[in-house]
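Each chain, letter by letter, is given below.
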Amino acid sequence: MMILSIIYSLLLAQFIPMVMVILVIIAAVVMIIMNRLVKRRVLRSVNSTLDIHDMMEKTLKISASNVIIYDVHKGIVSQLSGYMLSKGDINVETYKQHVHPDDLDTVLENIRSLIRGEGTSVEFDYRWNFNFDEGAPQWGYLHNTSVAEYVDGVPQPVTIISALVDQTNLYEQQEQETALSKRYKQIFENSIIGLSFYSADGWLIDANRQMRVICNFDSDEGDSYFSNTNLFDVAPFNEVLDRNNLEDYWACSLSVVPERNMYVYLEIRVHPILDSLGHVVYLAVAARDISEERKLYLQQKLNDEQIQKAKEAIQLYETELRYMMEGCKMEAWRAIIEEDRIEFYSGLSTIVRSITMNEMREIFVNKDDEFVRSLSDLYKALDHPLVYVGQICPRHSESINGPLWVQINSIPEYDDKGHLKGSFGIWRNINDIMHKQELLKRETERAKDSGHQKSVFLANMTHEIRTPLNAIVGFSDLLQAVESPEEKHEMIRIIHNNCDMLLRLINDILVLSNVDANAMQIRPEMVDFAIEFNDICKSLSERVQEPSVEFQSDNPCDTLLVSIDKSRIQQVITNFVTNAVKYTHQGHIRVGYRLEEREGKQGLYVYCEDTGAGIPDDQLGRVFERFVKLNDYIQGTGLGLSICKAIVDRCNGDIGVESKFGEGSTFWFWIPV
């Protein structure tokens, strides 16, 4: 037993270290396995985090989103994702420069509220300039969501994270849709026919202006009657429209709505509007007031009946008149084909002369006329009624010199067997009628021209009279409210100038009416033109208001006694200077005169020279015509120079102009003294 105990002790002493080694080895293996498992989990977490980051970045790019971080303490704005900061990190001032000025206060106030701790997140919209280079701004519309990030122990946020969604395309699309909607609304509202929309149940939704007029709506916003009355309950729709089976409907009828004092003839069309499933969603109603058209139609129908009766009466009258001979400068004539002869009658039985067919062909002036050429084959020329108007050279009348206008009428004559034997008709002298027609044509053209000139005159006068009147009335009203003496003086000056302009305009109209009525009189008297010329120039010099224009007068005589109509000559000189003032903005305006002899007569030559705009060569011949204005933007009626010409012509003088475009003009006149 003792030996066994010793052996057991020895074995136990050797086994314990071995167990310890085995345990250490097992622990080491376990640690290695655990380390590898931890590394795998960490690597898997990192890869998952990267995948999530990539997915989020792609999602942000797809949704056109940007993520930026504002470091509150450093004042730096950084970009986590997106394309908002193309140049990288920027400071706050650069950030502000890229915010639209109208939105900057909104952005700053919201960010500052987060910094002050008034909330943890804010949302707002603003415009951002994506262009970080030189050039025009590239504004985009961003929807911003900002969140404040805190750290332990710090009361204020350290960073502000903002997610920004680029809504530029959405905003532009909304603007386009809004503009398109306004355009369609404008088309709807301004349609020349009445349009309205009803719900599928028959209740009024909207009506355009024309429909409101037709139906006598009580306001532009709606109508108490039609808004509260169902379409299916109003005649004639209550009889022709089926609520459950709506179809297109068109009709013209009398529409009577006593509640709206509506009594009109309408052309009405109802069209159901369907959705994609074929269900009725709206009813479109179009209406056109045809009351006036109906009146015109009835009147036209009555006129047609009267015209038809008049035509029948005229045809009967022409048939009877064709054979009327006495006192109408007519001759009856008969063509006999077999005898190759034409006989002329006094009355219906007495032959006064006869000519052959060849002689007849020779008397026509226009040998190329279709009727004249057809006379070579009489059977074709005379087998139908004819009317010919043309000129002939009469051979049997010594009292007529030159061609004579005639009207030839004939009807074919047949024998008992129905064979053409000739024709019978009238030969009428219409020389006086043709001359009167020519005179009537000229008078008609003159009347049309006179009517046109009248219309132009009225249009011009309306504008030209209204302009100074508006100025006089307007500044007269303002004069009471002005306290400054300088302003009052300036307004009084403007009122006086417009009064003078209106007075000159009325004088021009009176002179023009006298010219048209041939009532303008020239009353010459002995005057000292040298003195009168100085007085005229002194008055006209005040019309030159521009400091860059100098008014000059050329008076070569101390005294000059002439016999002229002083007021008329002053009017011509005044019109010359008035035109020069309108077109001259720098340089000078010179008025002068001299004695000049023409065709053995002593006369007075007066001129007005300016350095103004000048007149193009192709317009020089028109300046003395009525209503001619070379510049529509300069005030005037275009009558002044035509009045000048009328006065000078009445004085048996001459008037003209010399001009070089862009350099100036010289208007002159010469009258005998």
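None of these values were measured; they are calculated from a predicted model.

Asker: Describe the sheet that holds strand E7 (residues 194-199), and please don't skip the residues or the numbers.
Answerer: The antiparallel open sheet is built from five strands, whose spatial order is E8-E7-E11-E10-E9. Every other strand in the sheet has two partners, leaving strand E8 (204-207) and strand E9 (249-257) as the edge strands with one partner each. For this sheet the average axis-to-axis angle between neighbouring strands, irrespective of direction, equals 30°. The pairing of E7 with E8 spans three bridges and is classified as antiparallel. Paired with serine 196 across the bridge in E8 is alanine 207. Across the face of the sheet, helix H4 (residues 168-189) comes into contact with E7 and E8 while running at roughly 80° to E8.

Asker: Give me the sheet that holds strand E6 (residues 159-166): which residues, what numbers.
Answerer: Strands sit in the order E3-E2-E1-E6-E5-E4 across an open sheet of six strands; the sheet is antiparallel. Edge positions in the open sheet fall to strand E3 (90-91) and strand E4 (121-129), since each of these has one partner strand only. Where strand E1 (residues 65-71) and strand E2 (residues 76-81) come together, five bridges link them in antiparallel fashion. Of the residues in E2, the one forming a bridge with isoleucine 68 is glutamine 79. Across the face of the sheet, helix H3 (residues 104-115) comes into contact with E1, E4, strand E5 (139-149) and E6 while running at roughly 145° to E4.

Asker: So what's going on with the packing of aromatic side chains? Residues and values would help.
Answerer: Scanning the model with the defined rule gives 22 aromatic pairs in all. Considering the side-chain rings of phenylalanine 624 and phenylalanine 667, the 6.2 Å spacing of their centres and the 80° angle between planes classify their relative orientation as edge-to-face. With phenylalanine 624 in the loop between strand E22 (601-610) and helix H16 (640-650) and phenylalanine 667 in strand E24 (residues 664-672), the pair connects residues that are 43 residues apart, well separated along the chain. On the basis of relative accessible area, phenylalanine 624 is assigned to the buried category, the value being 15%. The rings of Phe576, Phe624, Phe667 and Phe669 are connected pair by pair, giving a single aromatic cluster. Here arginine 294 stacks its cationic end above the ring of tyrosine 265, 4.2 Å away from the centre of that ring. A cation over an aromatic ring shows up here: arginine 353 above the ring of phenylalanine 344, its NZ or CZ 4.3 Å from the ring centre.

Asker: Can you explain the environment of valine 264? Please cite residues and give values.
Answerer: By secondary structure assignment, the location of valine 264 is in strand E10 (residues 262-274). Valine 264 gets classed as buried once you look at its relative accessible area, which sits at 14%.

Asker: Account for the pairing of E9, with residues named and values stated.
Answerer: Note: E9 against E10, nine bridges, orientation antiparallel. Within E10, the position partnered with leucine 254 by the bridge is tyrosine 265. The loop that links E9 with its antiparallel partner E10 comprises four residues; one of these, asparagine 261, has a positive phi angle of about 50°.

Asker: Report on helix H14 (residues 529-541), specifying residues and quantitative values.
Answerer: Here H14 is 13 residues long and its end C-alpha atoms lie 18 Å apart, about the 18 Å a rise of 1.5 Å per residue gives. If you check which residues of H14 are buried, you get Phe529, Ala530, Phe533, Ile536, Cys537 and Leu540. End-on view of H14: buried residues confined to an arc of 120°, all on one side of the axis. Looking at the buried positions of H14, the neighbouring elements they touch are strand E18 (525-528), strand E19 (549-554), strand E20 (561-564), helix H15 (566-583), strand E21 (587-598) and E22.

Asker: So, the pattern of salt bridges: which residues are in play, and what are the values?
Answerer: Across all of its chains, the model carries 23 salt bridges by this definition. A cluster of three or more residues bridged by salt bridges with shared partners is formed by Arg594, Glu596, Arg598 and Asp654.

Asker: For the packing of H15 against H16, give the residues involved together with the corresponding values.
Answerer: For the pair H15 and H16, the least separation of the axes is 9 Å and the interaxial angle reads 150°. When the axes of H15 and H16 are compared, the pair comes out roughly antiparallel. Like other packed secondary-structure pairs, H15 and H16 cross with a definite hand, here left-handed. Here H15 contributes Arg568, Gln571, Val572, Asn575, Phe576 and Asn579 to the contact with H16, which in turn contributes Gly640, Leu641, Ile643, Cys644 and Ile647.

Asker: Go over a nonpolar patch on the surface, please, and point to the residues and values.
Answerer: A contiguous nonpolar surface patch, about 330 Å² in accessible area, is contributed by Phe197, Ile205, Val281 and Tyr282. Its place among the elements puts phenylalanine 197 in strand E7. The exposure class assigned to phenylalanine 197 is partly exposed, which follows from its relative accessible area of 30%.

Asker: So, the pairing of E24: which residues are in play, and what are the values?
Answerer: Summarising burial for E24: eight of the nine residues are buried, a large majority. Summarising the sheet, E22 and E24 pair through eight bridges and their orientation is antiparallel. By the bridge assignment, cysteine 608 is partnered in E24 with phenylalanine 667. Alignment of strand E23 (residues 654-660) against E24, held across seven bridges, turns out to be antiparallel. Residue pairing in the sheet places glutamate 658 in a bridge with threonine 666 of E24. Connecting E23 to the next strand, E24, in antiparallel fashion are three residues, including glycine 662 with a positive phi near 90°.

About the thresholds
- Residues numbered from 1 in each chain as written.
- Predicted model: local features only at pLDDT ≥ 70, side-chain atom pairs only at ≥ 80, totals over all residues.
- Heavy atoms only, no water.
- Pairing = 2+ DSSP bridges.
- Helix = DSSP H or I, 4+ residues; strand = E, 2+ residues; numbered from the N terminus.
- Axes fitted to C-alpha atoms, helices over the stretch in contact; angles between N-to-C directions.
- Contact = heavy atoms within 4.5 Å.
- Phe/Tyr/Trp six-rings, centres within 6.5 Å; stacked < 30°, edge-to-face > 60°.
- Buried < 20%, exposed > 50% of the residue type's maximum accessible area, 1.4 Å probe, protein only.
- Lys NZ or Arg CZ within 6 Å of the ring centre and 35° of its normal.
- Expected span 1.5 Å × (residues − 1).
- Arc of directions from axis to C-beta.
- Salt bridge = Lys/Arg side-chain N within 4 Å of Asp/Glu carboxyl O.
- Parallel < 35°, antiparallel > 145°, perpendicular 65-115°, else oblique.
- Left-handed = near helix turned anticlockwise from the far one by under 90°.
- Patch = residues over 30% accessible without salt bridge, like charges linked within 9 Å, V, L, I, M, F, W, Y side chains within 5 Å.
- Areas by Shrake-Rupley, 256 points an atom, 1.4 Å probe, with all protein chains shown as cover.

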